[in-house]
Amino acid sequence: MNDILIVDDERDIRELISDILQDEGYSTRLAKNSDECMKLVEENPPALMVLDIWLKDSNMDGIDILKTIKREKPSIPVVIISGHGNIEIAVAAIRQGAYDFIEKPFNIDQLMVVVRRAMEASKLRHENQELKRQDDSSDEMVGSSPAFKALKSQLDKVTKSNGRVMLTGPAGSGKEIAARYVHAESNRNEAPFVSVNSASIEPDRMEEVLFGSENPDGSVEPGLLEQANGGVLFFDEVADMPLGTQSKILRVLVDQKFMREGGKQEVLVDVRVISSTNKDLVEEIAKGSFREELYHRLNVVPISVPSLEDRREDIPELAEYFIARLNESQGLPLRELSEDACAALQTSLWPGNVRQLKNLLERILILEGNSGVIEVSELPQGSDEPAENGRVILSGTLATLPLREARELFEREYLMTQINRFGGNISKTANFVGMERSALHRKLKSLNVVTSSKAGARVAHVDETEAVE
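Summary of the structure given here. (Residues numbered from 1 in each chain as written. Predicted model: local features only at pLDDT ≥ 70, side-chain atom pairs only at ≥ 80, totals over all residues. Heavy atoms only, no water.)

**With respect to the overall build of the protein**
Assigned secondary structure in the protein consists of 20 helices and 18 strands. Counting contacts in the protein only where the partners sit at least 6 residues apart, residues at least 24 apart contribute 69% of the total. (Helix = DSSP H or I, 4+ residues; strand = E, 2+ residues; numbered from the N terminus. Contact = heavy atoms within 4.5 Å.)

Listed below in structure tokens is the structure:
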């Protein structure tokens, strides 16, 4: 990670810079024109480039090379040098993504200060990317239900574009995992994925956190926008973003440029924005807590992430995946779910969605025994679970109803739960509950239970029209 590529058409300058850097412990490679430069980058991307603006007998000048590098290898910091330096060239270089600009004849101390800072930034970026890759390994897209396949199909359609995506869905359903999937499958996957906790950014600190700052000594503290340059900026739960921050973010989305706090030059960024929310933003706009113009800027491609209850078929697969990951990351026991335990999980309520399922399994693996199979007795006991003596504890609602009404209510809820467990598949439901398919259809009709499409799956619900009649 100490490899520096020096690109200059003057041999003496190339070798002088190389000797200085090698004396400081860096390894160097040299190129005299754009063809040599791009070939060396393709063979092995350097940790840093020192690039001259003017290149004689070259197909591209320094600015053209800079644009190409920032487009194809955005993680490589580029320091621009030029013997014809002026403020216009410096501004042009910084706007195109250069880390810094040094004018010839340069001071050796000045060169080394810039190089050290750029190398440190490069090192931190690579470390962050490696950490993200390690973290992302436990955040894969897992599932095979119709609802999951419909979601993945929508995500696949937007991976190769730069369109802004708005992910909607309840808390814990996996919206950030979906955003990371879009990033991983896109042509920006070598550039950073930066997640922003929208509620944590106070309006009075927004410029510092998002835009970064410039210190009086000329050093730069990059903000989240610069850290995400070339990659993806993910606004998590964007409805929680303060109004003051929303107006400033809107301007960045329109112009793709900003000024650092304390800075005097505009910084251009190439960032794809993905947002998420568990709220109805149209309602938030009506309440005056979300800017309508920002909503339309972010909501270019809306994609709904289904709740866990809309993809109950995926619970066994998700459980197996989480148990394997917890075994790898924490050394927790590698256990299996019994059939009864699996059925209990599929028929439970999941207000916390996928996150709740993962937390539940982690708790069981930590607190319960190390036997190979997770039994239903190890799961949290709900109000409809058998007591120790085999009795079923009735909920307060059922206990107050006459037998006929209580039986009808139980049958309706039981059958809807089983249908949803099997993704709307009536044949599988009939087989499990022990009824002929035709008899089940008649029973559902008598209970006013119908199925309809939701999030790509068949979901059972009460036909309110029939119920009223």
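Continuing now.
**Side note on the environment of Val220**
Note that Val220 resides in strand β9 (residues 220–222). Between the alpha carbons of Val220 and Arg117 there is a distance of 9.3 Å; along the sequence they are 103 residues apart.

**A word on the nonpolar core**
Soluble globular proteins tend to bury their nonpolar side chains together. Leu210, Leu233, Phe235, Val238 and Leu298 are the most contacted members of the largest nonpolar core, which totals 28 residues. In this view, Leu298 contacts Arg164, Val165, Met166, Val238, Leu253, Val273, Ser275 and Phe290; residues no more than four positions away in its chain are not counted. Of all hydrophobic cores here, the second largest spans 24 residues; its members include Cys37, Ile53, Ile89 and Ala93. (Core = buried A, V, L, I, M, F, W, Y, C linked by side-chain atoms within 4.5 Å. Buried < 20%, exposed > 50% of the residue type's maximum accessible area, 1.4 Å probe, protein only.)

**Here we look at helix α15 (residues 353–367)**
In this model α15 runs 21 Å from its N-terminal to its C-terminal C-alpha over 15 residues, within 8% of the 21 Å that 1.5 Å per residue would give. Regarding α15, the residues found buried are Asn353, Val354, Leu357, Leu360, Leu361, Ile364 and Leu365. The buried residues of α15 all sit within an arc of 130° when viewed along its axis, so they share a single face. Of the exposed residues in α15, the ones pointing more than 90 degrees away from its buried face are Arg355 and Leu367. Here the buried face of α15 lies against α13 (315–330), α14 (339–346) and β16 (373–374). (Expected span 1.5 Å × (residues − 1). Arc of directions from axis to C-beta.)

**Section: the pairing of strand β10 (residues 232–236)**
Within β10, four of the five residues are buried, leaving the element largely enclosed by the surrounding structure. Examined bridge by bridge, strand β7 (residues 193–197) and β10 share five bridges and lie parallel to one another. Note that in β10 the partner of Ser195 across the bridge is Phe234. With four bridges connecting them, β10 and strand β13 (residues 272–277) associate as parallel partners. Residue pairing in the sheet places Phe235 in a bridge with Ser275 of β13. (Pairing = 2+ DSSP bridges.)

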